[in-house]
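Below, each chain spelled out in residue letters.
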Amino acid sequence: MKRLPVLWLLLWVCALYYAGIYLFVGGFLLVRLEVNRTSTCGDVLQPGAEPADFCRVRPRFRRAVLLIVDALKIDFAWFDPDNAAPRPYENKLPVLEETVSSRPAHSRLYPFRADPPTTTMQRIKGFTTGSLPTFVDVGNNFASSAILEDNLIHQFGQVGKRVVFMGDDTWENLFPKKFHRSLPFPSFNVKDLHTVDNGILQHLYTTMVGDDWDVLVAHFLGVDHCGHRFGPDHPAMADKLTQMNGVIRSVMDRLQNDTLLVVMGDHGMTDTGDHGGESQKETDAAIFLYSPSPLFPAAPTQSEPDVVPQTDLVPTLALLLGVPIPYSSVGQVLLPVFPPHGQTEGAVGGLSQLEALWINAKQVNRFLETYSGMAKDIPPESLSQLKADFSRLSAEYLATVQQGRPPSPQLAASLQAYLSSVRDTCRATWARFNAFKMAAGLAILAFACLTCFVLSELSVALIREDGPGLRAPVAAALMAGGCAAAGQLRARGHVEVAWCLAAAALSSELLFLWRARRLGYASAEKMGPASSLLTPRRLLTPPLLVPLLRCASLLSDSYVIAEGRAVTFLVLSLALYIPIRLNWNGLLLPPSHDPLKAAGILPPPALSPSTVRKESGTLLACLGLLVGTLYLSLSFHACREEQGSCQPSPFLSPLSRLQDSRLKNLHYVLSVCALALWTYLLRRCLRHYGNLNSASGAVFAARWVLLLLSVCLALYWAVSATPEDSFRNLAELIAVGQLALPRAAFCLLGLGLALIWLDPLTVYAKTKAQASARGPSLPPRYRASTGISPQAELHHLIPQIYQRMRRSLDDGELSAGGEADGRPAVEAYGLGTVYSAPLVLFCGLLGMGLLLLHPEGMALSFLLLLLQMGALLHIHAASTTLSSLHGTGSGGFNVPWTPVVLWSLAATQFFHATGHLPTFPSIQWGAAFVGFPDGHTGTVLPASLVTLNTFASHILFSAGCPLLLFWPLVCEVRGGRPAASGGEEGEDAVMEMRLRENPQQFSSALLQLSTRYLFVLGAQVFASVCAAAILRRHLMVWKVFAPKLMFEASGFLVSSTALLIGVTLVLRVDVAVGRWFKRLVPEASR
């Protein structure tokens, strides 16, 4: 078998896809340009020609306390006295409502709306800089880098205000060395509800009574972590909110008259406790303003804002505390905290509403002029209109001040409208696209799909000794990349790697396609015009129309939202097509009696009528099993925010969230039963084909590692489901179990996978000499000692295999005397499944490891996944056997398009059936803490665990993709396939050993299967890329299409890597089989 050519071709194709994805994403998800300028106290923002030091004016407040309660949803802050049966998150913060009602001049409570993405780092950036985030910033949430833009923390330091921080350590990463004193606590462990909050409370009150601070920032995390772990509707949430109510009340009691208190949430949460998206439940937090001295000039009126954008906090706090507004802020001052024009006598150093609006507008206009001069991406007509509006408002305001007359009532409203227009323009503009990179990425991906399709159709010719290799395309890529680098150096003085990649990928693709075209013409001359690659007859077939429909659906936001059910429908439709096609061709039922065949004039049918009935029955039974798994898998889907009436599966919640002990026990029993059935089915499959008899590492993994791994999972589920306060005497033991059990499972998983890789053969060989020494009673004793069933003895013993491999190894020294008594010289058990058995075991072990990263209830979904994989494999095997009746099969070992498309669609279908969605709030962050309850020191390991959790179905189906090549041979019917060399040997069911007899066909079939699978996956990525490019100004682009692109591209990266691992394992087994036969021949010769 040609191993390296297959692997190199697949790596080359994957590299082409990676280059296209990298280029397009680099052009589509650009971070907005940051203006690295800072405001100063000497900026001329107030009217008058003389520069004034703004910071020398006595501020309205000398101190401020910012209490940030992470994920403080506005629903948590409201208080309803008529609610007699509040839910755990309702009516738990009565201090807010009491204060607002009893002291309206001192306090207000508003909804506090965040800009998506609603992740903590982006929200901290938003309410300290006043700028708007971009979509790509969400990727930095767990790798926070320092904020370079002007911000409130920097401005406080510039004027000498001492900022003391305590809480979420994200602040320390964003503002390094900016605090007078800092007490950070680790923030990523969402299972820890108390460490951060208790750490803050140890220092909060003592700090407040001291005099070494001016701004105190305390960021509590317990409410957010409680939402992630239990959801909002849990008693633990009631406890946390009650604790926060006491904290707020205690802080208010310690405030002085010159201190402002701001209690705020950075974002909200969904009904499942998640956040990150842009639904109203995620964006609407709460903000509470309070001061012991009068803060608001009047009681609440109808002109009060319904919602306060988070960016508005920045200019409001800056002006209240007497510091310049950060340079890049596009926020608007909160007017109710400033007195109307002419009523500022009571507020020492206070600004009126009009003065605050003017300073705010002057600062925003300055930023707009600077940014438009640097970026050039704001539409010229919008920019001109904004400049004209500000000039008009500036002239009107300055005239009012110079003439000393009262301003018109419309001036304040016009200034507010101007500030809103600037923010809306910036929000619309800061989806910056690089059209050239996007076009290059689209072109590379389009040619990569075409290359992949051509490679799959010409795999036989490309794998030949004299076939065109990769030397020319790789050389062309290196030359083109070098020329692009040299051209950039000459023209611009620096090299941008993206354009070098684009030149290399395009040149390599075009040269390969040109050479493949010549090769295709040569094949067409030999085989006739019907062998042409891209004819409509070959392309417009149901197996290729289904992925075309799937790709077209990615251009519709409705279909993306309902993708789980849409893909389930496509899987079912394409699966039903198989028996319909067989029946249409007269292959599903036994052929009718033909007197010519009975008389011997025509050759008899390849399969007997009973065999045809058996294969048809198998196909229909597996089709019924497939339909059942598809229907049941719908019970494990999650819900998007757009699906209003949808109810998420109860199995998505961890057992620790369930409060009903009976329901918890039922879920646990079902999960353990599913896990036990998973283990039993894997061992039963391997035992059935005689693969559990040798002493190899893979068999050890199947016998012991698989069993111990399932025990670890069951014990870990029991420990993690136990409430912390249930068994106080066993609390330490439970904590040890939550740490040790998953880590033991990870170690067992690593051991099992390593054993499979190092010693993958599951074959047991018995020579004739061993058989003779045992005497006539050998068969029963032999079966008893090895556990081989009579069925395995009958069907999976390979009698002539040694004789055939002896000829293939050209061993002329071995005589045929050993066959004189009619018994084989070598009896080999499990040899017929020598390739598929390690792969099945590899996927089974890997599946259990991935299940460990999911909620316990997903064990049922994983069992359905295993059953569906088995059903698809047997449907494919039965279809192949029936198609061989009249020679209508694909020929050789080639896998048709239908099972490949079904396999790829099933991966997407079970992505949804394991509780995942192509949205950021649906990411199961808890996977990062399985085995690491105390958190991580870095981001690589937690990111890897979350990736494995998210794309578990992609990994399993991609790694198991070569099974589509092996399974028709595993289920081969005796006499169903003619031998390649003719003769009587074609009657033997030698199963996967046919691949060893035809290494050229083996290589080409493996290459064709892999490239077809990559083509289907790549086509989906290309469709997502097209949708994002075409609909980049669509209303739903950042809510639907951009997340779908990110998940589709990430899924391709993970799937292609898993496919390469699966193919490499097959090649590793082939090497081991070759060495095994080379060792066996000399032993038998002696």
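The coordinates are above.
Please read these numbers as outputs of a predicted model, since none were measured by experiment.

*Asks:* Looking at this model, I keep getting lost on the overall build of the chain. Mind explaining?
*Replies:* Regarding its fold elements, the chain presents 40 helices and ten strands. In the chain, which comprises 1086 residues, the share counted as buried stands at 57%. When contacts within the chain are restricted to residue pairs at least 6 apart in sequence, long-range pairs at least 24 apart make up 80% of them. Surface exposure of the chain reaches about 44100 Å², of which carbon and sulfur atoms provide 60%.

*Asks:* What is the right way to look at a nonpolar patch on the surface in this model?
*Replies:* Taken together, the side chains of F700, W704, L707, L708, V711, L715 and L751 make up a nonpolar region of the molecular surface, amounting to roughly 640 Å² of accessible area. For W704, the location among the structural elements is in helix 26 (residues 697-720).

*Asks:* Help me understand the pattern of salt bridges in this model?
*Replies:* Per the stated rule, a full pass over the model turns up 20 salt bridges. Between R113 and D284 there is a salt bridge whose closest N-O contact spans 2.7 Å. With a gap of 171 residues between them, R113 in strand 2 (residues 107-113) and D284 in strand 7 (residues 284-290) connect regions that are remote in the sequence. Using a relative accessible area of 32% as the deciding quantity, one classes R113 as partly exposed. Across the salt bridge formed by R162 and D214, the nearest N and O atoms sit 3.1 Å from each other. Taken together, the residues R162 in the loop between helix 5 (152-158) and strand 3 (163-168) and D214 in the loop between helix 7 (195-209) and strand 5 (215-220) connect sequence positions 52 residues apart. Since its relative accessible area comes to 28%, R162 is described here as partly exposed. Among the charged side chains, a salt-bridge network with shared partners connects R550, E563, K1044 and E1048.

*Asks:* Explanation requested: the sheet that holds strand 3 in the structure shown.
*Replies:* The strands that make up a sheet pair up through hydrogen bonds in the backbone, lying either parallel or antiparallel. Reading across from one edge, 4-3-5-1-6-7-2-8 is the order of the eight strands in this open sheet, with mixed pairing throughout. Pairing within the sheet leaves two strands with one partner each, and these edge strands are strand 4 (181-185) and strand 8 (308-309). Where strand 1 (residues 63-69) lies against strand 6 (residues 259-264), six bridges are found, and the strand directions are parallel. By the bridge assignment, I68 is partnered in strand 6 with M264. Against the sheet, helix 11 (residues 313-321) engages strand 1, strand 2, strand 6, strand 7 and strand 8, with an angle of about 165° to strand 6.

*Asks:* Can you help me understand the pairing of strand 6 in this one?
*Replies:* Walk down a regular strand and you will see the side chains alternate between the two sheet faces. Most of strand 6 is tucked away, with six of its six residues classed as buried. Burial of strand 6 is two-sided: the residues T259, L261 and V263 facing one way and the residues L260, V262 and M264 facing the other way are all buried. Strand direction decides the pairing type here: strand 6 and strand 7, joined by four bridges, are antiparallel. The residue of strand 7 that forms the bridge with V263 is F288.

*Asks:* What's the story with helix 22 (residues 563-584) in this structure? I'm lost.
*Replies:* Side chains three or four residues apart in an α-helix point the same way, a direct result of the helix having 3.6 residues per turn. Here helix 22 is 22 residues long and its end C-alpha atoms lie 31 Å apart, about the 32 Å a rise of 1.5 Å per residue gives. Of the positions making up helix 22, those classed as buried are E563, G564, V567, T568, L570, V571, L574, A575, I578, P579 and L582. Following helix 22 by one or two positions, G586 adopts a phi angle in the positive range, close to 75°.

*Asks:* How should I be thinking about the environment of A361 in this particular structure?
*Replies:* Among the structural elements, A361 can be located in helix 12 (residues 353-375). Residue classification places A361 among the buried positions, given a relative accessible area of 0%. In sequence terms A361 and L393 are 32 residues apart; their C-alpha atoms lie 9.4 Å from each other. Dropping the residues within four chain positions of it, A361 is found in contact with F390, L415, Y418 and L419.

*Asks:* So what exactly am I meant to see when it comes to the packing of helix 33 (residues 858-883) against helix 34 (residues 897-913) here?
*Replies:* Between two packed helices, the angle of one axis relative to the other and the distance separating the axes together describe the packing. It is the contact of helix 33 with helix 34, at a shortest axis distance of 11 Å, that shows an interaxial angle of 170°. Relative to helix 34, the element helix 33 lies roughly antiparallel. Side by side, helix 33 and helix 34 meet where M858, S861, L864, L865, Q868, M869, L872, L873 and H876 of the first sit next to P899, L902, W903, A906, Q909, F910 and A913 of the second. Along the lines of polarity and charge, the residues of the contact of helix 33 with helix 34 split into twelve nonpolar, four polar and no charged.

*Asks:* Could you clarify how one ought to interpret the nonpolar core in this entry?
*Replies:* Ranked by internal contacts, the top residues of the largest apolar core, which has 208 residues, are F28, Y835 and L845. Here this core takes 22 residues from helix 40 (residues 1037-1085), the largest share from any one element. The next biggest cluster of nonpolar side chains, apart from the first, holds 73 residues, and it includes F61, V308, V314 and I378.

*Asks:* So what exactly am I meant to see when it comes to the packing of helix 7 against helix 9 (residues 235-253) here?
*Replies:* Where helix 7 contacts helix 9, the axes come no closer than 11 Å and their chain directions differ by 10°. Here helix 9 runs roughly parallel to helix 7, going by the angle between their axes. Contacts from D197, N198, L201, L204, Y205 and M208 of helix 7 reach helix 9 at K240, Q243, M244, G246, V247, S250 and V251. Residues that form the contact of helix 7 with helix 9 fall into these classes: seven nonpolar, four polar and two charged.

*Asks:* Where do I start with the packing of aromatic side chains in this structure?
*Replies:* Given two aromatic rings, their pairing is described by the distance between the two centres and the angle made by the two planes. Summed over the entire model, instances satisfying the criterion amount to 29 aromatic pairs. Geometrically, the ring pair formed by F636 and F651 is tilted, given 5.3 Å between the ring centres and 40° between the ring planes. One end of the pair, F636, is in the loop between helix 24 (609-633) and helix 25 (661-688); the other, F651, is in the loop between helix 24 and helix 25, with 15 residues separating them in the sequence. Each member of the pair, F636 together with F651, is buried. Site record: aromatic cluster; members linked through ring pairs are F127, F165, W171, F175 and F179. The positively charged end of R63 is found above the aromatic ring belonging to W213, 4.2 Å away from the centroid. Over the ring of F296 we find R108, and its NZ or CZ is 4.1 Å from the ring centre.

*Asks:* Just to check I follow, could you spell out the state of the cysteines for this structure?
*Replies:* Working definition: the covalent bond between the sulfur atoms of two cysteines is a disulfide. This structure, assessed with the given rule, holds one disulfide. Each sulfur in the disulfide pair C639 and C646 lies 1.9 Å from the other. Here the S-S torsion is close to -65°, and the disulfide linking C639 with C646 is therefore left-handed.

*Asks:* Would you take a moment to explain the side chain of K92 for this structure?
*Replies:* Topologically, K92 is positioned in the loop between helix 2 (74-77) and helix 3 (94-102). Despite being buried, K92 has no salt bridge partner; E90 is the closest side chain of opposite charge, sitting 7.1 Å away. Polar side-chain contacts of K92 include one of 3.3 Å to the backbone oxygen of R87. Polar contacts involving the side chain of K92 include one to the main-chain carbonyl oxygen of E90, which spans 2.8 Å.

*Asks:* Explanation requested: the pairing of strand 5 in the structure shown.
*Replies:* Taken across its six residues, strand 5 has six buried, putting it largely inside the fold. Where strand 1 meets strand 5, six bridges bridge the pair, whose relative direction is parallel. Bridged to L67 within strand 5 is A218. When strand 3 meets strand 5, the two strands line up parallel, connected through five bridges. Pairing of G167 across the sheet is with H219, part of strand 5.

*Asks:* Just checking my understanding: could you explain unusual backbone geometry for this structure?
*Replies:* Most peptide bonds take the trans form, and the phi angle of most residues other than glycine is negative. Notably, N91 is not glycine yet its phi reads approximately 60°, a positive angle. In this structure, N91 sits in the loop between helix 2 and helix 3. N91 gets classed as buried once you look at its relative accessible area, which sits at 15%. The backbone of K177 sits at a positive phi, close to 60°, despite the residue not being glycine. Within the secondary structure, K177 is located in the loop between helix 6 (170-174) and strand 4.

*Asks:* Would you explain the environment of L852 in this entry?
*Replies:* Mapped onto the elements, L852 comes out in helix 32 (residues 836-852). Along the primary structure L852 and L709 are separated by 143 residues, whereas in three dimensions their C-alpha atoms are 9.8 Å apart. For L852, the contacting residues outside a window of four places in its chain are L713, Y716, P742, A745, F746 and V930.

Rules used throughout
- Residues numbered from 1 in each chain as written.
- Predicted model: local features only at pLDDT ≥ 70, side-chain atom pairs only at ≥ 80, totals over all residues.
- Heavy atoms only, no water.
- Helix = DSSP H or I, 4+ residues; strand = E, 2+ residues; numbered from the N terminus.
- Buried < 20%, exposed > 50% of the residue type's maximum accessible area, 1.4 Å probe, protein only.
- Contact = heavy atoms within 4.5 Å.
- Areas by Shrake-Rupley, 256 points an atom, 1.4 Å probe, with all protein chains shown as cover.
- Patch = residues over 30% accessible without salt bridge, like charges linked within 9 Å, V, L, I, M, F, W, Y side chains within 5 Å.
- Salt bridge = Lys/Arg side-chain N within 4 Å of Asp/Glu carboxyl O.
- Pairing = 2+ DSSP bridges.
- Axes fitted to C-alpha atoms, helices over the stretch in contact; angles between N-to-C directions.
- Expected span 1.5 Å × (residues − 1).
- Parallel < 35°, antiparallel > 145°, perpendicular 65-115°, else oblique.
- Nonpolar A, V, L, I, M, F, W, Y, C, P; charged D, E, K, R; others polar.
- Core = buried A, V, L, I, M, F, W, Y, C linked by side-chain atoms within 4.5 Å.
- Phe/Tyr/Trp six-rings, centres within 6.5 Å; stacked < 30°, edge-to-face > 60°.
- Lys NZ or Arg CZ within 6 Å of the ring centre and 35° of its normal.
- Disulfide = S-S within 2.5 Å.
- Lys, Arg positive; Asp, Glu negative; His and termini not counted.
- Polar contact = N/O pair within 3.5 Å; in protein donor to acceptor, adjacent residues only side chain to side chain.

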